[in-house]
Amino acid sequence: MPETMTRRDSLRGALAALGAVALIPEWALPALADADTDVPFTDLPKPFNPGLNTAGTTRTLDIRKIDGMITPADQFFFIQHKNQPKIDPAGYKLKISGLVKQQAELSLADLKAMHPVELINGYECSGNSPRGVQGLSSCGRFTGVPLSAVLKKIGVDAAAREVVLFGTDKSKEDVVFRGTTYAVDQQFARSITIENALRPEPILAWNLNGEPLVYQQGGPLRLIMPGWYGVANVKWLAEIHLQEERFLGNYQARWYRSLAGVGGSGRDTDTDTQWVENEISKMHLKSVIARVRKTGKAHQVFGFVLNDGTPVKSVEVKVDDGPWQPAKLDPKNTRFSWKLFTYDWKGATPGEHTLVSRVTDASGKAQPTLDDLKMKKTFLQDNSQFPRKVMIA
Ligand SMILES: Nc1nc2c(c(=O)[nH]1)N[C@H]1C(S)=C(S)[C@@H](COP(=O)(O)O)O[C@H]1N2
Ligand SMILES: [Mo]
């Protein structure tokens, strides 16, 4: 069994064979019973139209509809910077070039003949934020082969330092050099270090939830980088190029950076402040309240956590000005899934209330408040605590 397949899934499978599946508790997000109702949020932007945009090029997830670990493929968010190529899977070839023992062109059949693995992976666009009610996030079951297995099979040259992944999508990009702008055709591309490429986690994926990736999802083949922001998950893979030099493409070095002031007294004008530019890579620790349900007289608050795969120590929920209270993490959460949590809200009184969650990981990192992020000037990587307002009838 592949290491990336969840142990619980295989346990469930084994128990199902014995007719004993009821031994494992199902996640506490049951299908809505007739008597249950969703508690409305009163803080939604107006207008709020989650789902497909009018052009049909972007889809956001309505997080109020989350009812389990796996986002259905027809709700899974999608977004990209350029066009959405439609590639015939039958004639598809992935090119592998540069510092490899032998250049290769692999068909889908070649890749499927290796050892496929399954991975439940949750991710968000680094531009995901309260503004769009966190709809640029989802979690699905991906099937593919480890990138490391493909690279080892081809043979990596000892000089290779950087693995550049090119999409098929192409458009004019402005490349600015010392005040001069050159508009040139570029494919979408991202790079990772050879060390990261040879880790067991990254996979070249062709299925989402057991079905071939549709073209909007990057089919027939895309990269999945567990624990990283969406931008790393290059869709419509055309070529993987190994090189010694750093890769400086637009979506690696320019458009996907953060700029934040560190140190000093926390004021822009403080001369002690250091201005740090970082690349967008692994997901920063975030929790989101997605849904509030009324079941009989009780209220339950549901949400998810996204992060880089570090074990989650705790999720807490605060109601109005009350104390932080522990939420329960779903036992079915896996290292790279989004991590579902529930909070039993006792004694909810009629009227409007503010709910907020905060997550802490095993390394002691805690989710920041919006105020904690005030020295971050760029909008990407907004993992701030997200207060929600609800109306109890
Ligand atoms: N080839 C290609 N891959 C891409 C992009 C792109 O523009 N072109 N956009 C990236 C960004 S910014 C995000 S957030 C994710 C979105 O993945 P999804 O469409 O599966 O949700 O794809 C990434 N992969
Ligand atoms: Mo993104």
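Because the structure is a prediction, the values reported are computed rather than measured. (Residues numbered from 1 in each chain as written. Chains lettered and ligands numbered in written order. Predicted model: local features only at pLDDT ≥ 70, side-chain atom pairs only at ≥ 80, totals over all residues. Heavy atoms only, no water.)

Attention now goes to the site of ligand 1. Lining the immediate environment of ligand 1, one finds 19 residues, of which His81, Tyr123, Asp169, Arg222 and Lys235 sit closest. Arginine 222 places a side-chain nitrogen or oxygen 2.6 Å from an oxygen atom of ligand 1. Coverage of ligand 1 by the protein amounts to 99% of the 530 Å² it exposes when considered alone. (Near = heavy atom within 4 Å. Polar contact = N/O pair within 3.5 Å; in protein donor to acceptor, adjacent residues only side chain to side chain. Areas by Shrake-Rupley, 256 points an atom, 1.4 Å probe, with all protein chains shown as cover.)

Turning next to the sheet that holds strand S20 (residues 351-361). Here we have 4 strands laid out as an open sheet, ordered S17-S16-S20-S21, and antiparallel in their pairing. Strands at the two margins of the open sheet, each flanked by one partner only, are strand S17 (325-326) and strand S21 (388-392). (Pairing = 2+ DSSP bridges. Helix = DSSP H or I, 4+ residues; strand = E, 2+ residues; numbered from the N terminus.)

Turning our eyes to something else, we now look at empty space enclosed by the protein. To locate leftover empty space, one rolls a probe as large as a water molecule over the atoms. Inspection of every chain in the model, using the stated rule, returns 4 cavities of 30 Å³ or more. Taken as a whole, the largest cavity spans an internal volume of roughly 60 Å³. Taken together, Leu61, Lys65, Ile66, Asp67, Gly68, Ile70, Thr71, Pro72, Gln75 and Trp338 make up the lining of the largest cavity. Within the lining of the largest cavity, the residues separate by chemical class into 5 nonpolar, 3 polar and 2 charged. (1 Å grid on protein atoms, 1.4 Å probe; cavity = no way out; pocket = protein on both sides within 12 Å on 5 of 7 lines; lining within 4 Å. Points joined across faces, edges and corners; volume = space filled by probe spheres on them. Nonpolar A, V, L, I, M, F, W, Y, C, P; charged D, E, K, R; others polar.)

Here the focus is the pairing of strand S5 (residues 137-146). Across the 10 residues that make up S5, a large majority, 9, are buried. Bridge analysis of S5 against strand S8 (residues 203-208) gives 5 bridges, and the strand direction is antiparallel. Looking at S8, one finds that phenylalanine 142 is bridged to leucine 208. (Buried < 20%, exposed > 50% of the residue type's maximum accessible area, 1.4 Å probe, protein only.)

Attention shifts here to the environment of threonine 180. Structurally, threonine 180 can be placed in strand S7 (residues 180-193). Between the C-alpha atoms of threonine 180 and proline 326, which are 146 residues apart in sequence, the distance is 55 Å.

Here we take up the state of the cysteines. Two cysteines joined by a covalent bond between their sulfur atoms form a disulfide. The final tally for this structure, using the stated rule, is 0 disulfides. Of all cysteine sulfurs in the structure, the one in cysteine 125 sits closest to cysteine 139, which takes part in no disulfide; the separation is 17 Å. Classification of cysteine 139 by relative accessible area gives buried; the value is 0%. (Disulfide = S-S within 2.5 Å.)

Cis peptide bonds are those with omega within 30 degrees of zero, and the linkage from lysine 46 to proline 47 qualifies with -5°. Looking at the element boundaries, proline 47 is found in the loop between strand S1 (37-38) and strand S2 (94-98). Cis rather than trans, the peptide bond between glycine 219 and proline 220 has omega equal to 10°. Structurally, proline 220 is set in the loop between strand S9 (211-212) and strand S10 (222-224). Unlike most non-glycine residues, valine 133 shows phi in positive territory, near 50°. Summarising the element assignment, valine 133 is placed in the loop between strand S4 (117-124) and S5. If you check the backbone angles, glutamine 381 has positive phi at about 65° while not being a glycine. Given the relative accessible area of 5%, glutamine 381 is considered buried.

Let us look at the side chain of arginine 291. Here arginine 291 is to be found in strand S14 (residues 286-295). A polar contact is formed between the side chain of arginine 291 and the backbone oxygen of arginine 64, at a distance of 3.1 Å.

Turning our attention to the pattern of salt bridges. Enumeration over the complete set of coordinates arrives at 14 salt bridges. Note that aspartate 344 and lysine 328 form a salt bridge whose closest N and O atoms lie 3.1 Å from each other. One end of the pair, aspartate 344, is in strand S19 (residues 339-345); the other, lysine 328, is in strand S18 (residues 328-329), with 16 residues separating them in the sequence. For aspartate 344, a relative accessible area of 30% puts it in the partly exposed group. (Salt bridge = Lys/Arg side-chain N within 4 Å of Asp/Glu carboxyl O.)

The next thing to look at is a nonpolar patch on the surface. A cluster of nonpolar side chains, contributed by Phe177, Tyr182 and Val184, occupies part of the molecular surface with about 290 Å² of accessible area. Owing to a relative accessible area of 33%, valine 184 belongs among the partly exposed residues under this scheme. (Patch = residues over 30% accessible without salt bridge, like charges linked within 9 Å, V, L, I, M, F, W, Y side chains within 5 Å.)

So, on to the environment of proline 350. On the secondary structure map, proline 350 appears in the loop between S19 and S20. For the pair formed by proline 350 and alanine 73, sequence separation is 277 residues and the distance between their alpha carbons is 37 Å. Excluding residues that lie within four positions of it along the chain, proline 350 makes contacts with Ile392 and Ala393. (Contact = heavy atoms within 4.5 Å.)

Glancing now at the nonpolar core. Ranked by size, the top nonpolar core spans 88 residues in total, and within it Ile96, Leu204 and Trp345 carry the most contacts. Sort the elements by how many residues they give to this core and S8 lands first, with 5 residues. Those residues within four positions of tryptophan 345 in sequence are excluded, and the remaining contacts are Val292, His299, Val301, Val319, His353, Leu355, Val390 and Ile392. (Core = buried A, V, L, I, M, F, W, Y, C linked by side-chain atoms within 4.5 Å.)

Summarising the model, the protein chain shows a mean pLDDT of 92, and 91% of its residues fall at 70 or more. Across residues 1-27, confidence stays below pLDDT 50; counting only partners more than four residues off in sequence or on other chains, it has 33 contacts. (pLDDT = per-residue confidence, 0-100.)

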